[in-house]
Amino acid sequence: MSKLIKKPITIPSSTKVDIADQVITVTGPKGSISKNFRTDLVDFKTEQDKIFVIPKKQQSKRYDGFVKKLAGTYWSILNSMINGVNNGYTKTLQIVGLGWKVNQKGNGIEILVGYSHPVFFESPKGITLKVEDLQRISVSGIDKELVGQVAANIRKIRKPDSYKGKGIRYADEKLVLKESKKGAKGR
């Protein structure tokens, strides 16, 4: 059983949570997020400034374990929604390579990473792309899942090379470089 569902999620005073049928909407100072949840398997109970995620009992023990895991996942998603509308999420990407750079173009970015043409990446709704310097990109927004997906899509344009380390990587990512194959002589 998930240990997270034993404790409630605290709702800050500047945040409003609406539970209607299968849609939960969280509104805060930075914006609003709505997500669908399966209410036939999990209940959401609010008391003052707390939300409890309660798994519903099932007929089968095997299915009951799945519902408890699902309740833990829903707890984590709901907690991320509340943190997102209050604080927001940011991921920073770094471009490593000689002459490789990124430029701000409207609400998107233009990436020059060794291809014969520049790659233009348009910012989706709810995401802010900001070029901090010629080789750093900041992806920010209130939806943790969307921020992570956009950062992964930008990284996918030119993944880090495992031999030289060139490419687009997360700022806190540690690369383990492989040794070149020059030592294999005479075989």
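This write-up is about the structure you can find in this document.

The rules we used
Residues numbered from 1 in each chain as written. Predicted model: local features only at pLDDT ≥ 70, side-chain atom pairs only at ≥ 80, totals over all residues. Heavy atoms only, no water. Pairing = 2+ DSSP bridges. Helix = DSSP H or I, 4+ residues; strand = E, 2+ residues; numbered from the N terminus. Axes fitted to C-alpha atoms, helices over the stretch in contact; angles between N-to-C directions. Contact = heavy atoms within 4.5 Å. Phe/Tyr/Trp six-rings, centres within 6.5 Å; stacked < 30°, edge-to-face > 60°. Buried < 20%, exposed > 50% of the residue type's maximum accessible area, 1.4 Å probe, protein only. Lys NZ or Arg CZ within 6 Å of the ring centre and 35° of its normal.

### Regarding the sheet that holds strand β7 (residues 89-96)
Right, so step 1: The antiparallel open sheet is built from 4 strands, whose spatial order is β11-β12-β7-β13. The sheet is open, and its two edges are formed by β11 (127-133) and β13 (167-170), each paired on a single side. When strand polarity is set aside, the average angle formed by the axes of neighbouring strands in this sheet is 25°.
Right, so step 2: Bridging between β11 and strand β12 (residues 136-141) involves 6 bridges; their strand directions are antiparallel. Bridged to Val131 within β12 is Ile137.
Right, so step 3: Strands β7, β11, β12 and β13 of the sheet are contacted by helix α2 (residues 144-157), whose axis makes an angle of about 5° with β7.

### A closer look at the packing of aromatic side chains
Right, so step 1: In the structure shown here, the tally under the stated rule is 3 aromatic pairs.
Right, so step 2: Measuring from centroid to centroid gives 5.3 Å for Phe37 and Phe44, while their planes differ by 65°, and the two rings are edge-to-face. For the pair Phe37 and Phe44, one class covers both residues: buried.
Right, so step 3: Here the aromatic residues Phe37, Phe44 and Tyr74 are joined through ring pairs into a cluster of three or more.
Right, so step 4: Cation over ring: Lys91 sits above Tyr170, and NZ or CZ is 5.3 Å from the ring centre.

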